[in-house]
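So the chains spell out like this:
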Amino acid sequence: MTQEERLRIEEDIVRMLKTVFDPEIPVNVYDLGLIYRIDLHDDGMVEMDMTFTSPTCPVADFIFEDVRMKVEGIEGVTGLNLQFVTDPMWTPEMATEEARLEMGYM
C-alpha cells in the first residue's frame, strides 16, 4: 500500500465514522471520542478500539454494527477487527470541543 493509499483510506475511515451516531446523542462517535485506536495495516486490515458513553448503552449493538458495516465497506479495507474496550472509561472531556458544546458540557 502506498502512502497516498494509506492516507486516503485513513481519511475515508474517519469520514465514515463521522456518519455513525448514537440515536440518543446528536454527535457522531468520532467527535464524541468513542474511537480510541485505529490501526491500518499494509494489507488493508483495520484494528480499532472503541467504547461507549456508558458500558450499559442500550444501543451498543446497533452502533457497533453500524461502525463495522461502514468501515468494512471502504475501498481498500480488507477487514475490521473491532474491539469494545472500557479502559479508560469514556468521559465528556474526550469529546471534541464542538461535541461538548452540542451536548451542553460547556
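Rules and cut-offs
Residues numbered from 1 in each chain as written. Predicted model: local features only at pLDDT ≥ 70, side-chain atom pairs only at ≥ 80, totals over all residues. Heavy atoms only, no water. 1 Å grid on protein atoms, 1.4 Å probe; cavity = no way out; pocket = protein on both sides within 12 Å on 5 of 7 lines; lining within 4 Å. Points joined across faces, edges and corners; volume = space filled by probe spheres on them. Nonpolar A, V, L, I, M, F, W, Y, C, P; charged D, E, K, R; others polar. Phe/Tyr/Trp six-rings, centres within 6.5 Å; stacked < 30°, edge-to-face > 60°. Helix = DSSP H or I, 4+ residues; strand = E, 2+ residues; numbered from the N terminus. Buried < 20%, exposed > 50% of the residue type's maximum accessible area, 1.4 Å probe, protein only. Pairing = 2+ DSSP bridges. Axes fitted to C-alpha atoms, helices over the stretch in contact; angles between N-to-C directions.

K.L.:
Just checking my understanding: could you explain empty space enclosed by the protein for this structure?
P.N.:
Gaps left between atoms show up when a probe the size of a water molecule is rolled over them. This model, assessed by the stated rule, comprises one cavity of 30 Å³ or more. Approximately 40 Å³ is the volume found for the largest cavity. Forming the walls of the largest cavity are T51, F52, T53, S54, P55, T86, M89 and W90. Classifying every residue of the lining of the largest cavity by side-chain character gives four nonpolar, four polar and no charged.

K.L.:
I tried to follow the packing of aromatic side chains on my own but got confused; where do I start?
P.N.:
Both the distance between ring centres and the angle between the ring planes are used here to describe each pair of aromatic rings. Across all of its chains, the model carries one aromatic pair by this definition. With a centroid separation of 5.3 Å and 35 degrees between ring planes, the pair formed by F52 and F84 is classed as tilted. Highlighted residues: F52 in the loop between β2 (45-50) and α3 (60-72) and F84 in strand β3 (residues 79-84), separated in sequence by 32 residues. The partly exposed category is assigned to F84, whose relative accessible area is 37%.

K.L.:
How do you make sense of the sheet that holds strand β1 (residues 35-40) when you look at a structure like this?
P.N.:
Sheet strands pair by backbone hydrogen bonding; their relative direction is either parallel or antiparallel. Pairing is mixed across the open sheet formed by three strands, whose spatial order is β1-β2-β3. Here the strands that pair on one side only, and so sit at the sheet edges, are β1 and β3. Here the strands of the sheet are splayed against their neighbours by 15 degrees on average, with no regard to which way each runs. Across five bridges, the pairing between β1 and β2 is antiparallel. Residue pairing for β2: I35 is matched across the bridge by M50.

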